[in-house]
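# Summary of the model geometry
Chain by chain, the residues:
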Amino acid sequence: MQKSFKFISTLLFLLVFMVACSNNEATDQSSDNKETPSVSKSTEDVELIISAAASLKDSMDVIQHTYEEEHPEVTLKFNYGASGSLQQQISQGAPVDLFFSAAEDKFDLLVEQGNIAKEDGLDLLGNELVLVVPTGEQSIKDFEDLAKAEVDKISIGIPETVPAGKYARESLEKLGIWDTVESKVVYAKDVRQVLSYVETGNVKAGIVYKTDALVSDKVEIVASADPATHTPIIYPLGIIKNSKQYQAAREFYEYIQNEKTLKVFEEYGFTTK
């Protein structure tokens, strides 16, 4: 009788032990299955922050749409503005992955500060400086007309932070009319604001990039600045050294340089290197 009792007790113990082990294994597998998707998501999904000159917006909108369709795991977030202001933000530690400037000097400053490695940057695009007036305006035909008494207001970007504004002042100085027109100038935070002032008739004329003028049907280009009158207009692109998404940033950096992407820039009036 005692032997039978011991045998039954042992058998019950073994059954309980096997059931417990089976439940633990199932719990472990369930836990593994829950953790795997979240790990995969965090390693695959990427957001890139790109600080870019305001004059690049229309072309970059097209490129952004195409790139995100081809790389659904990547989200491109753009911060558009004057190159000088963007450079200052990066110098002060703003979280940025790539910088696309409309001026070499602003870009070179970040290289000198160690924010961009020389091997992670290149001169990619060129542009043209033009004089625009509201559609239908007949009194202004060239830059020299800005000195006329009846032309009371003109607009350029703030030369210290807006490269197009610096180029405009250089050109007007070279033409010998800066001292005459300086009192007429309404300064703008970027080229798009200059364009807006001209479109709305708040000023008689403005100096912007050709690429900006081409996207508006409310202004007309009446003259192009002689390239010899201002610093060469060059758009450098670079990867910020402390980017937390360096590899993804480099992939986008290389994508922008491919033939298909460069054709988009050309369609919007840029010249390519």
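Residues numbered from 1 in each chain as written. Predicted model: local features only at pLDDT ≥ 70, side-chain atom pairs only at ≥ 80, totals over all residues. Heavy atoms only, no water.

### A few points about the side chain of S83
Applied cut-off: Counting from the N terminus, the helices are the DSSP runs of H or I reaching at least four residues and the strands are the DSSP runs of E reaching at least two. Any residue under 20% of the maximum accessible area for its type is buried, any over 50% is exposed, and the rest in between are partly exposed; the area is computed with a 1.4 Å probe on protein chains only. The contact criterion used throughout is that any non-hydrogen atoms of two residues lie within 4.5 Å.
Residue placement: S83 occurs in helix α3 (residues 83-91). Judged by relative accessible area, S83 falls into the buried class, the value being 2%. Excluding residues that lie within four positions of it along the chain, S83 makes contacts with A53, F99, S101, A102, A103, K106, T161 and P163.

### Structural notes on the sheet that holds strand β7 (residues 185-188)
The criterion, for reference: Paired strands, as defined in this entry, are two strands with at least two bridges between them according to DSSP. Between N-to-C directions, angles span 0 to 180 degrees; the directions come from axes that are lines fitted to C-alpha atoms, helices contributing only their stretch in contact.
Ordered in space as β7-β6-β8-β5-β9, the five strands form an open sheet in which the pairing is mixed. Strands at the two margins of the open sheet, each flanked by one partner only, are β7 and β9 (219-224). For this sheet, the mean inter-axis angle between neighbouring strands, taken without regard to orientation, is 35°. Across the face of the sheet, helix α5 (residues 163-174) comes into contact with β5 (129-134), β6 (154-157) and β8 (205-209) while running at roughly 120° to β8. Where helix α7 (residues 191-199) meets the sheet, its contacts fall on β5, β6, β7, β8 and β9, and the angle it forms with β8 comes to roughly 145°.

### Description of α3
Inclusion rule: It is the directions from the helix axis to the C-beta atoms whose arc is reported.
Looking at α3, one finds that the buried residues are S83, G84, L86, Q87 and I90. Mapping the buried residues of α3 onto a view down its axis gives an arc of 160°, with all of them on the same face. On its buried side, α3 packs onto β1 (46-53), β2 (74-81), β3 (98-100), α4 (104-112), α5 and β10 (234-240). Just downstream of α3 lies G93, where phi reads positive at about 100°.

### Focus on the packing of aromatic side chains
Any two aromatic rings considered together are summarised by their centre-to-centre distance and by the angle between their planes. For clarity, the threshold we go by: Note on aromatic pairs: the rings of Phe, Tyr and Trp (six-membered ring only in Trp) are paired at centre separations within 6.5 Å, and the planes decide the class, stacked below 30 degrees, edge-to-face beyond 60, tilted for the rest.
Tallied over the full model, the rule gives ten aromatic pairs. Their ring planes at 90° and their centres at 5.9 Å tell us that F265 and F270 sit as a pair that is edge-to-face. When sorted by exposure, F265 lands in the same class as F270, which is buried.

### Side note on the side chain of D120
Keep this limit in mind: Under the rule applied, a polar contact is a pair of N or O atoms within 3.5 Å (in protein, one hydrogen donor and one hydrogen acceptor; residues adjacent in sequence only if both atoms are side-chain atoms).
Structurally, the position occupied by D120 is in strand β4 (residues 116-126). In terms of polar contacts, D120 uses its side chain to reach the side chain of R250, at 2.5 Å. Those residues in contact with D120 that sit more than four places away from it in its chain are L237, G238, I239, Y246, R250 and Y253.

### Description of the layout of surface pockets
Rolled over the atoms, a probe sized like a water molecule indicates the empty space that remains. Quick reminder of the rule: Method remark: on a 1 Å grid restricted to protein atoms, a set of points is classed as a cavity if a 1.4 Å probe fits but cannot get out and as a pocket if it is open with protein on both sides within 12 Å along at least five of seven lines; lining residues have an atom within 4 Å of a point. Grid points are joined across faces, edges and corners, and a volume is the space filled by probe spheres set on the points. Put simply, Ala, Val, Leu, Ile, Met, Phe, Trp, Tyr, Cys and Pro go in the nonpolar bin, Asp, Glu, Lys and Arg in the charged bin, and everything else, Gly too, in the polar bin.
In this structure, the largest pocket occupies an estimated 220 Å³ of space. Along the walls of the largest pocket sit 14 residues, with P95, V96, D97, N242 and K244 positioned nearest its centre. Taken together, the residues of the lining of the largest pocket break down into six nonpolar, five polar and three charged.

### Thoughts on the sheet that holds β3
If you trace the six strands from one edge of the open sheet to the other, you get β2-β1-β3-β10-β4-β11, paired in mixed fashion. The outermost strands of the open sheet, each flanked by one partner alone, are β2 and β11 (271-272). Against the sheet, α4 engages β3, β4 and β10, with an angle of about 170° to β4. Each of β1, β2, β3, β4 and β10 touches helix α9 (residues 246-256); the most contacted strand, β4, lies at about 30° to it.

### Describing the nonpolar core
Note the cut-off: In this description, a nonpolar core means a group of buried Ala, Val, Leu, Ile, Met, Phe, Trp, Tyr and Cys residues linked to one another through side-chain atoms lying within 4.5 Å.
L56, F100, Y235, F252 and F265 are the most contacted members of the largest nonpolar core, which has 58 residues in total. Here this core takes six residues from α9, the largest share from any one element. The contact partners of F100, leaving out residues within four places of it in the chain, are S51, A52, A53, L56, M60, L124, L125, Y235, P236, L237, I256 and F265. If you look at the next biggest cluster of nonpolar residues, it comprises ten residues, including V132, V194, V198 and V208.

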